Amino acid sequence: MAGGKRTTRYTATDVVEWLRDIEYADPASARQAGRAVARAWNDNEFYASATALPIARCLRSSPEMAGPLDAVLSRLARRFAVHLHECPAWDPKPHWRKEIRG
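I will try to describe carefully the structure that is included in this document.

Conventions adopted
Positions within a chain are numbered from 1, following the residues in the order the chain's sequence is written. Predicted model: local features are reported for residues with pLDDT of at least 70 only, side-chain atom pairs are reported and counted for 80 or more only, and whole-chain, interface and lining totals are derived from all residues. To obtain the side-chain values, all non-hydrogen atoms of the structure were used and water was disregarded. Within 6.5 Å between ring centres, the rings of Phe, Tyr and Trp (the latter by its six-membered ring) count as paired, and their orientation is classed by plane angle as stacked under 30 degrees, edge-to-face over 60, tilted in between. The classification of residues rests on relative accessible area computed with a 1.4 Å probe and restricted to protein chains. Under 20% of the type maximum is buried, over 50% is exposed, and intermediate values are partly exposed. Any Lys NZ or Arg CZ found within 6 Å of a ring centre and within 35 degrees of that ring's normal is scored as a charge over the ring. The term salt bridge refers to a side-chain nitrogen of Lys or Arg lying within 4 Å of a carboxyl oxygen of Asp or Glu. Counting from the N terminus, the helices are DSSP H or I runs at least four residues long and the strands are E runs at least two residues long. Lines fitted to C-alpha atoms define the axes, with helix axes restricted to the stretch in contact, and inter-axis angles between N-to-C directions lie between 0 and 180 degrees. By convention the crossing between two helices is left-handed if the near helix lies anticlockwise of the far one by an angle smaller than a right angle, and right-handed if it lies clockwise. The contact criterion used throughout is that any non-hydrogen atoms of two residues lie within 4.5 Å. Charged residues are taken to be Asp, Glu, Lys and Arg, nonpolar residues to be Ala, Val, Leu, Ile, Met, Phe, Trp, Tyr, Cys and Pro, and polar residues to be all remaining types, Gly included.

Moving on, we come to the packing of aromatic side chains. Under the counting rule described, the total for this entry stands at four aromatic pairs. With a centroid separation of 6.3 Å and 25° between ring planes, the pair formed by tryptophan 41 and phenylalanine 46 is classed as stacked. Neither tryptophan 41 nor phenylalanine 46 differs from the other in exposure class; each is buried. A network of ring pairs unites the aromatic residues Tyr10, Trp41, Phe46 and Phe80 as a single cluster. We note arginine 79 situated over the ring of phenylalanine 80; from NZ or CZ to the ring centre the distance is 4.4 Å.

Printed below as a string of C-alpha cells:
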C-alpha cells in the first residue's frame, strides 16, 4: 500500500451477484443495494448505517431473502472481508449542551 491508501476497490457487480446468487435478492433491488454499498465502501464509509439502509430496502422487496437484517449484514461483511462499525452516523447538530450541565 503506497502512501497508506487502501488498494481494494469494491465493485457493485460483485455485491449485486452475491445478493442475487447467495441471498436470493430481487434483481432490481440487488442492483440498487449493490451500487449503494459499493459506493459507500469505496468512500471508506464502513458504518453499519451506510450499509444497512440499502440492504434493508433490498430485504423488504425480496421475499426470497432469508434472515433478519443483522444476519444478512454479517454474511455480507464476512464475504467481502470488511468490518462494519456499529457507530451511529455523524450528527451535524448534537445535543452536547445537556451533557455539560454542572
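Scanning the model with the defined rule gives one salt bridge in all. Across the pair arginine 75 and glutamate 23 runs a salt bridge whose closest N-O atoms are separated by 2.7 Å. One end of the pair, arginine 75, is in helix α4 (residues 69–79); the other, glutamate 23, is in the loop between α1 (12–21) and α2 (27–42), with 52 residues separating them in the sequence. The class of arginine 75 is partly exposed, set by a relative accessible area of 27%. Note on glutamate 23: relative accessible area 4%, which makes it buried.

This part is about the packing of helix α3 (residues 48–60) against α4. It is at 10 Å that the axes of α3 and α4 come closest, and there the two elements cross at 115°. The two elements α3 and α4 cross, and the hand of that crossing is right-handed. Within the contact between the two elements, α3 uses Thr51, Ala52, Ile55, Ala56 and Leu59 and α4 uses Leu69, Val72, Leu73 and Leu76. Grouping the amino acids of the contact of α3 with α4 by side-chain chemistry returns eight nonpolar, one polar and no charged.

The quantities given are spatial measurements derived from coordinates; they are silent on function.
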